[in-house]
Amino acid sequence: MADLHAAEADLREAALAELEFHTVLRHVATHAHSSLAAERIKELRPLLDISALNHEVDAVQEMVDIIAEGETFPIERLDDVRHLLQRSTIVGNFLTAPELISVCDALRSSRLVRRYVIDRDERSPKLGSIVSPLVDDKVLERHISDAIDETGVVRDTASRELMSIRREIQETSQRLRARLNRILKKLHTDDLLQDDFITQREGRFVMPVRVENKRVVPGIIHGVSQTGSTVFLEPAETIDLNNELSILHNQELREIQRILTVLTAEIGAHAVAIGYAFDVLVHLDTLHARAAYALARGGVKPVFHSDETLELEHVRHPILVHQTASTGGTVVPLGIRFDGSARGVLISGPNAGGKTVAMKTIGLSVAMAQSAIFPLGTCRLTPRRLFSAIGDHQSIDSNLSTFSSQIIRLRDILSFCSSDAFVLVDEICAGTDPAEGGALAAGILDSLVERSSWFVVTTHQSSLKQYALSRPSIANASLAFDEERMQPTFTFLPNVPGNSYAFALAESVGLPSVVVDRARTYLGDRHGELEQSIAAIQQYRRQAEETMRAAAEHEAKARALKADYDERLAVIRKQRATLVDEAREEARDVLRKAQSLIERTIREVREQQRSVGEVKAEFEQERKELTATLDRQPTLPPERGTAPLTVGMTVEVVGTQSVGEVLELEHGGTSAVVEVNGMRFRFPSSQVRPTAKKAVAKRRDTGDFMSFDIALSCDVRGKRADEALRDIELYLSDAILRHLPSAMIIHGKGTGALRKAIQEYLRNNPQYGTFRNGSIHEGGEGVTIVEFA
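Residues numbered from 1 in each chain as written. Predicted model: local features only at pLDDT ≥ 70, side-chain atom pairs only at ≥ 80, totals over all residues. Heavy atoms only, no water.

(A) Expanded view of the overall build of the protein. Within the protein, the regular secondary structure consists of 22 helices and 23 strands. The buried share of the protein, reckoned over its 789 residues, is 44%. Taking as baseline every contact in the protein between residues at least 6 positions apart, the subset at least 24 positions apart corresponds to 68%. (Helix = DSSP H or I, 4+ residues; strand = E, 2+ residues; numbered from the N terminus. Buried < 20%, exposed > 50% of the residue type's maximum accessible area, 1.4 Å probe, protein only. Contact = heavy atoms within 4.5 Å.)

(B) View of the packing of aromatic side chains. Tallying each qualifying case throughout the model produces 4 aromatic pairs. Their ring planes at 90 degrees and their centres at 5.7 Å tell us that F73 and Y116 sit as a pair that is edge-to-face. Taken as a pair, F73 in the loop between α4 (50-68) and α5 (82-88) and Y116 in helix α6 (residues 97-120) lie far apart in primary sequence, 43 residues in all. As far as the burial class goes, F73 and Y116 line up, both buried. In this structure an aromatic cluster arises from ring pairing among F338, F422 and W454. (Phe/Tyr/Trp six-rings, centres within 6.5 Å; stacked < 30°, edge-to-face > 60°.)

(C) Molecular detail of the pattern of salt bridges. If you walk through the whole model with that rule in mind, you get 41 salt bridges. The residue E99 makes a salt bridge to R87 at a minimum N-O spacing of 3.0 Å. In this pair, E99 is assigned in helix α6 and R87 in helix α5, connecting sequence segments 12 residues apart. A relative accessible area of 19% places E99 in the buried class. Two residues, E427 and K355, come together in a salt bridge whose shortest N-O distance is 3.9 Å. (Salt bridge = Lys/Arg side-chain N within 4 Å of Asp/Glu carboxyl O.)

(D) Spotlight on the packing of α6 against helix α10 (residues 239-268). Running from amino to carboxyl end, α6 crosses α10 at an angle of 30 degrees, the nearest separation of the two axes being 11 Å. Considered as vectors, α6 and α10 are oriented roughly parallel to each other. Here the hand of the crossing between α6 and α10 comes out left-handed. Taking contact as the criterion, the partners of A97, L100 and V103 in α6 are, on α10, L260, L263, T264 and I267. For the contact of α6 with α10, the residue count by class is 6 nonpolar, 1 polar and no charged. (Axes fitted to C-alpha atoms, helices over the stretch in contact; angles between N-to-C directions. Parallel < 35°, antiparallel > 145°, perpendicular 65-115°, else oblique. Left-handed = near helix turned anticlockwise from the far one by under 90°. Nonpolar A, V, L, I, M, F, W, Y, C, P; charged D, E, K, R; others polar.)

(E) Representation of the side chain of H317 within the structure. The topology assignment puts H317 in the loop between β6 (310-315) and α12 (318-325). In this structure H317 touches V331, V357, K360, T361 and L364, once residues within four positions along its chain are discounted.

(F) A look at the sheet that holds strand β7 (residues 334-338). Read across the sheet, 4 strands follow the order β5-β9-β6-β7 without closing on themselves; strand pairing throughout is mixed. Either end of the sheet is taken by a strand with one partner, and the two such strands are β5 (303-304) and β7. Alignment of β6 against strand β9 (residues 378-381), held across 4 bridges, turns out to be antiparallel. When the sheet's bridge partners are listed, L312 is paired in β9 with C379. Relative to the sheet, helix α13 (residues 355-369) contacts β5, β6, β7 and β9, its axis offset from that of β6 by approximately 110 degrees. (Pairing = 2+ DSSP bridges.)

(G) Focus on a nonpolar patch on the surface. Taken together, L511, V514 and V515 make up a surface patch of nonpolar side chains, about 220 Å² in accessible area. Assignment of secondary structure puts L511 in the loop between α17 (502-508) and α18 (513-523). (Patch = residues over 30% accessible without salt bridge, like charges linked within 9 Å, V, L, I, M, F, W, Y side chains within 5 Å. Areas by Shrake-Rupley, 256 points an atom, 1.4 Å probe, with all protein chains shown as cover.)

(H) Quick peek at the environment of G344. Following the sequence through the fold, G344 ends up in strand β8 (residues 344-348). G344 sits in the buried class, given a relative accessible area of 1%. Put simply, G344 and W454 are 110 residues apart on the chain and 5.5 Å apart in space, counted from C-alpha to C-alpha. In this structure G344 touches F338, F455, S473, I474 and A475, once residues within four positions along its chain are discounted.

(I) Structural context of the pairing of strand β21 (residues 742-746). Direction of pairing for strand β20 (residues 713-715) relative to β21: parallel, over a ladder of 3 bridges. Bridged to S713 within β21 is M744.

(J) Representation of the sheet that holds β20. Taken together, 4 strands build an open sheet; the order of strands is β20-β21-β23-β22 and the sheet is mixed. Both outer strands of the open sheet, β20 and β22 (770-773), are each paired with one neighbouring strand and no more. On average, adjacent strands in this sheet sit at an angle of 20 degrees to one another, irrespective of strand direction. The pairing of β22 with strand β23 (residues 783-787) spans 4 bridges and is classified as antiparallel. What sits directly across from T770, in β23, is E787. Contacting β21, β22 and β23, helix α22 (residues 753-764) runs over the sheet at an angle of about 160 degrees to β22.

(K) Representation of the pairing of β6 in the model. Bridge count for β6 against β7 is 4 bridges, and the pairing is antiparallel. For E311, the partnering residue across the bridge sits in β7 and is R337.

(L) Inspection of the packing of α6 against helix α8 (residues 138-147) at higher detail. Packing of α6 against α8 leaves a shortest axis separation of 10 Å and a crossing angle of 150 degrees. Comparing their axes, α8 and α6 come out roughly antiparallel. For the pair α6 and α8, the crossing hand works out as left-handed. For the pair α6 and α8, the contacting residues are L100, C104, L107, R108 and R111 in the first and K138, L140, E141 and I144 in the second. Here the contact of α6 with α8 is built from residues that sort into 5 nonpolar, no polar and 4 charged.

(M) Expanded view of the nonpolar core. One finds F73, V113, L127, I144, I148, L284 and F422 to be the most contacted residues of the largest nonpolar core, which totals 101 residues. Element by element, the count of residues in this core is highest for helix α11 (residues 271-297), at 13 residues. Excluding residues that lie within four positions of it along the chain, I144 makes contacts with L100, C104, L107, L263 and I267. (Core = buried A, V, L, I, M, F, W, Y, C linked by side-chain atoms within 4.5 Å.)

(N) Examining the side chain of H288 more closely. By secondary structure assignment, the location of H288 is in helix α11. Those residues within four positions of H288 in sequence are excluded, and the remaining contacts are H33, M63, I67 and F73.

(O) A look at unusual backbone geometry. The residue E20 is not glycine, and still its phi comes out positive at about 65 degrees. Secondary-structure assignment places E20 in the loop between α1 (2-18) and α2 (21-29). Residue E20 is classed as partly exposed on the basis of its relative accessible area, which comes to 34%. Even without glycine at this site, S452 takes up a positive phi of about 60 degrees.

(P) Inspection of the confidence of the model for the protein at higher detail. Mean pLDDT over the protein: 82, with 83% of residues reaching 70 or higher. The least confident element of the protein is helix α20 (residues 612-632), whose mean pLDDT is 60; the most confident is α2, at 96. Every residue in residues 699-708 is under pLDDT 50, and counting partners more than four places away or in other chains gives 30 contacts. (pLDDT = per-residue confidence, 0-100.)

(Q) Region of the structure containing the environment of E56. Mapped onto the fold, E56 is located in helix α4. Leave out the neighbours within four places in its chain, and E56 touches H283, L287, R290 and A372.

What follows is the structure, given as structure tokens:
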């Protein structure tokens, strides 16, 4: 059983190699931050678990969203710290300062990534589930960073003991240098030195002395120059200070080791959690690399399902896209579909026409999708095991020809084929007798159909094209070929078999026509009819595509025209609305002036400041001016669906709640005399519209456009509260119908009980508007003023 699994794994690995999947992985790996993530990307292989695949591609999509939003995913430098974590668990062992800094960097990345993803909350749920094991230990980070600086040097402040030792080292070094300088000055005067400087040898301060003077100056020689002309001598009088300095350096080293040991033990206590977090960071780096690749190359998130279908739309060959990225070239996309009824595709066509590239595009798109790498096009599929027989595997050592090596590969593939297999075969059963090879190929394809496997096969054999036409589960396909220029266009044509164009290509490269003509006679009429039929099908397809393209262009133009008309209509409607609003405002202004005229006229008549004749004459003059104002208002065409006005029709004044009856139509129906609440008004026809509301019954017919039977105040002094409220309700309703802007209720001061009852009634009936106590000149608290909304 283990051998069978190993054999199947070898076949699937060989298929990925033949598809050049590893080249795609190298391209993706260039987007990784760490070398470890790059290596892990190169180890990616297609998965079959739909749940795992959906989780992985969802996480990649969330990474795509982060990059597309212009945010930076906080993965910093990731050194491989796994061996350091293992060493940290050994009691008494210690990591060097630079090694501790690498662990600290991993801890910092873990903390930053965890907090960043958690802050995104619901926007990145898949990443949120991945980052949950990340370590957020700022205390341990602080311990390391407080003890070691960014360059990997232990700080003086790492411990009090270390600070004290280094202070003594500095002081001792200064005393030693001062003494050496004095000696150096004296020896220089005596011309015993080779050079006038102080240096170090074997950790001790020395002076360069000429070799011939080495016995003149007492001391210890610690080295000789390469030329042999200079000895580096430690004067005898500085030996004690050098010894003291050496002891201090040893104490410093022991203290540093103690500090490193403590920090290492602290890391060792959390080594397992940190190691797990590091693996998660590397995985996140691979997700980020796949997202960056998708954005750089136009990758599309694949969709996985279990309904046994494969659908590719506008997919491109990823390696060709990479190659043409720098040259500005384009890669022709293709589309294909497999389902329960169509399980195989037979691609035919001329040499160098793109058959193998098309097949590899399909295979690579599937392999990328099942490795959670976004394919360069839309991909909806059920995961499949990939097998292939692509390329020439002939071997002299193994005594294998092209044909026999392919047959052996197909034998092995058939032994593992089932309903979840996807088989790619290039030039099936070529390299042998065409008749026998075609028959053998048909038998192999029958076996794949029986196993419910998917397959894509390329061929030049006419017998297989005919075979596919007779099998509902196998579809023909080809790559378009420009017969005029004798060049392939690489456009994938599903359901259309392809010609090999062998004779046409032979003539185009200069093969004598007599040879080509003789060759045609050997094929017979039947083959010629087949080739002509295929050519006709391709011609009909091209014509259909041109017709569809023209139809699409016309549709696009129609849509653009409709959008233009819609935009113009919107402008017209907006202008109409503006005119309507202006007209409404003018109508309101006319009504306000009319109400003001009524109030003033009534007040003057009541106060008898002027005679009734004078008041009526002035009233008629101002009424005529208001009527003229109404006549000057713009006339708008009625909206579609609005019935024409007729005498006796109940109408509503636009922009108001006023309802009345049309008494008369004037100026050819462009204006109407309408009775509203017993008063007659002249409106432009556009300012009124038919309504189902009922008009208020006439109070009385005065023969004039307006009546004056409404008082400006209601006196309820001396009445009980319930009686007063009934009178007030009737009065306020009448005042509103007469469009008075306000009304005065006279209730007197007294105990204030009646005023309180009235104002409580008004407070509970806000439809009347607002109310207030009267001002001093209006009557103070003895009156309540109601101002209608």
